[in-house]
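Inside the fold
Here's the letter readout for the chains.
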Amino acid sequence: MNKKKVVNIIFTCIFGLFLIIFNILYSNLIFKVSGFTSLLVSIFVICDAILLVFFVLSCVSLFKSISEYKEYTKANEFIFGDKIPFDNLEMFVKKVSKSINIKKEEYIISFSPIKTSVNYEIFQSKELKILNKELALYFTKLFILPRYKQFKAKVGYDNYCFIIYIRCNNDELLQLIKDVEYKSYSISKDKDLRIFIQNYFGICKVEENIELLETINRSNVARKVGEYNFEKAMFFEPSMIEGKSDENMANAIVNALRNNEFVVYYMPKFHLQTKRFIGSEALVRWNSKDKGLISPIRFINFAENRGLIHEIDLYVLERVCKDLVDQKKRGKRLLPVSINFSIYEFYTPTFLDDIKQIISKYDVNPLLIEIEITEETTHANSFLVISILKKLKDMGLKILLDDFGLGFSNIKSMKILPIDIIKIDKSFIDEIAYDYKSKEIVRAIISFGKALNLQVIAEGAADVKQVEILKKMKCDAVQGFYYSKPLPKKEYEAFLLNNQFEKKEDASL
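Residues numbered from 1 in each chain as written. Predicted model: local features only at pLDDT ≥ 70, side-chain atom pairs only at ≥ 80, totals over all residues. Heavy atoms only, no water.

Concerning the overall build of the protein
A tally of regular secondary structure across the protein gives 19 helices and 15 strands. Within the protein, the fraction of its 509 residues that count as buried is 48%. Counting contacts in the protein only where the partners sit at least 6 residues apart, residues at least 24 apart contribute 70% of the total. Roughly 26700 Å² of accessible area belongs to the protein as shown, and the carbon and sulfur atoms make up 57% of that amount. (Helix = DSSP H or I, 4+ residues; strand = E, 2+ residues; numbered from the N terminus. Buried < 20%, exposed > 50% of the residue type's maximum accessible area, 1.4 Å probe, protein only. Contact = heavy atoms within 4.5 Å. Areas by Shrake-Rupley, 256 points an atom, 1.4 Å probe, with all protein chains shown as cover.)

Quick notes on the pattern of salt bridges
Evaluation of the coordinates by the stated rule reveals 24 salt bridges. Salt-bridge contacts for Asp171 lead to Arg285; the nearest nitrogen and oxygen are separated by 2.6 Å. Placement of the pair is Asp171 in helix 5 (residues 170-190) and Arg285 in strand 7 (residues 276-288), with a sequence separation of 114 residues. For Asp171, a relative accessible area of 18% gives the class buried. For Arg285, a relative accessible area of 6% puts it in the buried group. In this structure, Glu502 and Arg333 form a salt bridge, with 2.7 Å as the shortest nitrogen-oxygen distance. In this pair, Glu502 is assigned in helix 19 (residues 500-508) and Arg333 in the loop between helix 10 (309-329) and strand 9 (337-340), connecting sequence segments 169 residues apart. Given the relative accessible area of 5%, Glu502 is considered buried. Where salt bridges share partners, they join Arg319, Asp323, Asp326, Arg330, Lys489 and Glu493 into one cluster. (Salt bridge = Lys/Arg side-chain N within 4 Å of Asp/Glu carboxyl O.)

Description of the packing of aromatic side chains
Counted according to the given criterion, the structure contains 24 aromatic pairs. Ring centres 5.1 Å apart and planes at 50 degrees place the aromatic pair Phe139 and Phe162 in the tilted group. Residue Phe139 is located in helix 4 (residues 126-142), and its partner Phe162 is located in strand 3 (residues 161-167); the two are separated by 23 residues in the primary sequence. By the burial criterion, Phe139 is buried, and Phe162 matches it. Ring geometry for Phe277 against Phe501: centres 6.2 Å apart, planes inclined by 75 degrees, an arrangement best described as edge-to-face. One end of the pair, Phe277, is in strand 7; the other, Phe501, is in helix 19, and 224 residues separate them in sequence. Summarising the burial analysis for this pair, Phe277 and Phe501 share the class buried. An aromatic cluster is built from Phe111, Tyr138, Phe139, Tyr157, Phe162 and Phe201, whose rings are joined through pairwise contacts. A cation sits over an aromatic face here: Arg285 above Tyr265, 5.8 Å from the ring centre. (Phe/Tyr/Trp six-rings, centres within 6.5 Å; stacked < 30°, edge-to-face > 60°. Lys NZ or Arg CZ within 6 Å of the ring centre and 35° of its normal.)

Some details on the nonpolar core
Ile253, Phe262, Val320, Ile369, Leu392 and Leu470 are the most contacted members of the largest nonpolar core, which totals 80 residues. If near-sequence neighbours (up to four positions away) are discounted, Leu470 is found in contact with Leu272, Ile429, Ile432, Val442, Ile446, Ala458, Cys475 and Val478. Counting 35 residues, the second largest nonpolar core, distinct from the first, contains Phe139, Val155, Cys168 and Ile177. (Core = buried A, V, L, I, M, F, W, Y, C linked by side-chain atoms within 4.5 Å.)

Things to note about the side chain of His271
You can see His271 is positioned in strand 6 (residues 262-271). His271 sits in the buried class, given a relative accessible area of 15%. Among the polar contacts listed, one links the side chain of His271 to the backbone nitrogen of Gln273, at a separation of 3.2 Å. (Polar contact = N/O pair within 3.5 Å; in protein donor to acceptor, adjacent residues only side chain to side chain.)

A closer look at the sheet that holds strand 4 (residues 200-205)
Judged by pairing direction, the sheet is mixed, and its five strands sit side by side in the order 2-3-1-4-5 without closing on themselves. Either end of the sheet is taken by a strand with one partner, and the two such strands are strand 2 (152-158) and strand 5 (233-235). Direction aside, the axes of adjacent strands within the sheet are offset by 20 degrees on average. Bridge analysis of strand 1 (residues 106-112) against strand 3 gives six bridges, and the strand direction is antiparallel. Its bridge partner being in strand 3, Ile109 is matched across the sheet by Ile164. Packing of helix 6 (residues 212-229) onto the sheet brings it into contact with strand 1, strand 3, strand 4 and strand 5, and relative to strand 4 it is tilted by some 140 degrees. (Pairing = 2+ DSSP bridges. Axes fitted to C-alpha atoms, helices over the stretch in contact; angles between N-to-C directions.)

Topic: the pairing of strand 2
The sheet contact formed by strand 2 and strand 3 spans seven bridges and is antiparallel. When the sheet's bridge partners are listed, Gly156 is paired in strand 3 with Ile163. What sits between the antiparallel neighbours strand 2 and strand 3 is a turn of two residues, in which Asn159 has the positive phi angle 55 degrees.

Notes on the environment of Leu308
Residue position: Leu308 is located in the loop between helix 9 (300-305) and helix 10. Sequence-wise, Leu308 and Val254 are 54 residues apart; in three dimensions their C-alpha atoms are separated by 8.1 Å. Ignoring anything within four residues of it in the chain, the contact list for Leu308 reads Ala250, Ile253, Val254 and Ala303.

Topic: unusual backbone geometry
Despite not being glycine, Asn260 shows a phi value in the positive range, around 55 degrees. Along the polypeptide, Asn260 turns up in the loop between helix 8 (245-258) and strand 6. Located in the positive-phi region is Asp403, a residue other than glycine, with phi close to 55 degrees. Along the chain, the position of Asp403 falls in strand 11 (residues 398-404). Judged by relative accessible area, which is 22%, Asp403 ranks as partly exposed.

Take a look at the structure:
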């Protein structure tokens, strides 16, 4: 129940009362002019009775609505510690049911900032109530922000979990999850909450023949499976209900590798000084024969946990090498491609030999292949990692340090890490246009990189304001949706051949 409905019913009651008074006055006037007749009396009595019934029903509805609203507000006050206009499950279902369009990509997300299988006492803790209140306030404003304004979205709360309905594609869904995850950590840090944040997202696609409540239940099941497997984002699979999700997923990945179902998308990188695209990042997608295009959040963590990530990483490397060879044969523009490698690769004995063998097999210039690792990787076993990175550089490959500043930074280690490029994490870029601290952190990282003679790339630039700020800060290059979303091979080649950013620069020469 919301305020708008209560106000509408109040107006209905007032209007009904007005009609009754008007009918009484009008009937008196008629009786004075025409005199009393049995027909006229009967008509006005019937009208008055109907209006009276209408008025009484409106008053009953008003009383019931006010009671519901009070209970609703009280429930929110209990949940969030403040009166925030937030839908419970019943209202969420009513509103979302009117918005669903099966022809579009739509998802229900069950989100909890903590593991829900912990002791019940934590749900009554002051810290969790503060966290949930701040997240609720965040959600009330999130979908009016420029980058989310075009999405159809609604958020509710039920059983200590946020329920999100959103109409978007896989990449946008992944970005939403990253933003929400980052916000929950920021709230915990800013409010100095003594609570262990463990973000879990259960995702279920809205389907035509599945009731909305069942879709919500399935998203909850996916979240709980994610909690059990320590995977922050988990898509619902029918096998989860049957209890065979792990075996089925593992078999599906093995078959997908065998059937070449994994595809590579390319995310262009733009150099701010030369105003030319200087390369791309390879991003893997799973083009399932049964389920269509699947985002990496649905299988990468699982593949790492089950020891299948090595095969996927090598598959991507080989696919990139094949694409580069094909582009060279057809006289297409050749630009370096950076490939993400999991932390688990550094514990795989054949890692270096496998990379060398694939690059030699396709006779690809090593300058066209770049290796992306995360800061987390550099802290796993620094001696081992540095040794392997040096051998990769000896092959002629450049090393990129991804997600710089996200939480594993160690300034001391930077002087011994054999890296060429640092990539500023998107979470900092998101807020540089309006948050002073984020802006100064980015400025400091760029200066730090320059001092160490490293190239600096900013990830996730979404609008021209962010790009202009990064340009003034002398950031070397940028990648993000402002320039392009990740593109399959043919679209990427067409984009390099004809894009507005390089065309604009050519026109000015």
